[in-house]
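Residue-level structure breakdown
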Amino acid sequence: QVQLVEFGGGLVQPGGSLRLSCTASGSISSIYTMGWFRQAPGKQRDLVASITNSGRTNYVDSVEGRFTISRDNAKNTVYLQMNSLKPEDTAVYYCYAQVSSFGTPKSYWGQGTQVTVSS
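The model shown is predicted, which means the values in this text are computed figures rather than measured ones.

Some words on the pairing of strand 11 (residues 113-117)
Residues T113, V115 and V117 point to one face of strand 11 and are all buried, whereas Q114 and T116, pointing to the other face, are not buried. One ladder, built from three bridges, connects strand 2 (residues 10-12) with strand 11; its direction is parallel. Following the sheet pairing, L11 is matched in strand 11 by T116. Bridge count for strand 9 (residues 91-100) against strand 11 is three bridges, and the pairing is antiparallel. Each bridged residue has a counterpart across the sheet, and for V92 the counterpart in strand 11 is Q114.

Details of the state of the cysteines
With the rule as written, the count across this model stands at one disulfide. C22 shares a disulfide with C95; S-S distance 1.9 Å. Here C22 is found in strand 3 (residues 18-26), whereas its partner C95 is found in strand 9, with 73 residues between them in sequence. Considered together, C22 and C95 belong to a single accessibility category, that of buried residues.

Things to note about the sheet that holds strand 8 (residues 77-82)
The four strands are arranged 1-3-8-7 in an open sheet whose pairing can be described as antiparallel. Across the chains shown, the open sheet's two edge strands, defined by having one partner strand only, are strand 1 (2-7) and strand 7 (67-72). Shown here is a sheet whose adjacent strand axes are inclined to one another by a mean of 15 degrees, direction ignored.

Observations concerning the pattern of salt bridges
By the definition in use, this model includes two salt bridges. With its nearest N and O atoms 3.0 Å apart, the salt bridge here joins R38 to D89. A residue pair is termed long-range when its members are at least 10 positions apart, and R38 in strand 4 (residues 30-39) and D89 in the loop between strand 8 and strand 9 qualify at 51 residues. The exposure class of R38 is buried, given its relative accessible area of 14%.

Overview of unusual backbone geometry
A positive phi angle, close to 50 degrees, is found at S84, a residue other than glycine. Tracing the chain through its elements places S84 in the loop between strand 8 and strand 9. With a phi close to 65 degrees, F102 is a non-glycine residue in the positive phi region.

Some points on the layout of surface pockets
Estimates place the volume of the largest pocket at around 210 Å³. Lining the largest pocket are 13 residues, and of these R38, A40, K43, D46 and E88 lie nearest its centre. If you list the elements that add at least two residues to the lining of the largest pocket, you get strand 4 and strand 5 (46-51). Residues belonging to the lining of the largest pocket are distributed by class as follows: five nonpolar, three polar and five charged.

Scoring rules and cut-offs
Residues numbered from 1 in each chain as written. Predicted model: local features only at pLDDT ≥ 70, side-chain atom pairs only at ≥ 80, totals over all residues. Heavy atoms only, no water. Buried < 20%, exposed > 50% of the residue type's maximum accessible area, 1.4 Å probe, protein only. Helix = DSSP H or I, 4+ residues; strand = E, 2+ residues; numbered from the N terminus. Pairing = 2+ DSSP bridges. Disulfide = S-S within 2.5 Å. Axes fitted to C-alpha atoms, helices over the stretch in contact; angles between N-to-C directions. Salt bridge = Lys/Arg side-chain N within 4 Å of Asp/Glu carboxyl O. 1 Å grid on protein atoms, 1.4 Å probe; cavity = no way out; pocket = protein on both sides within 12 Å on 5 of 7 lines; lining within 4 Å. Points joined across faces, edges and corners; volume = space filled by probe spheres on them. Nonpolar A, V, L, I, M, F, W, Y, C, P; charged D, E, K, R; others polar.

Next up, the structure:
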């Protein structure tokens, strides 16, 4: 079994910054793509950013230039540095990872962490 645990959400004023982290643990042989989704109240869960195990990144247009995704493969951890935060970034943020436990890769999700941008 694989678990993803997230840290770093909270309340921040517009223009502020937060850093999210997510660590995978358990029966892991390889981790492929890792990333972050977010879900605002009444809306669907949407991709924010992703990063492959070789470091290739992808961002949704609304966060390009403000958010930076990175990962530490030795620690099985993915980070999301969020700068210049806006009220519309308010959502529950979920990390995910494609993990192989010595077999076919499966997708796993974290429990979610609340990010609220408000004055």
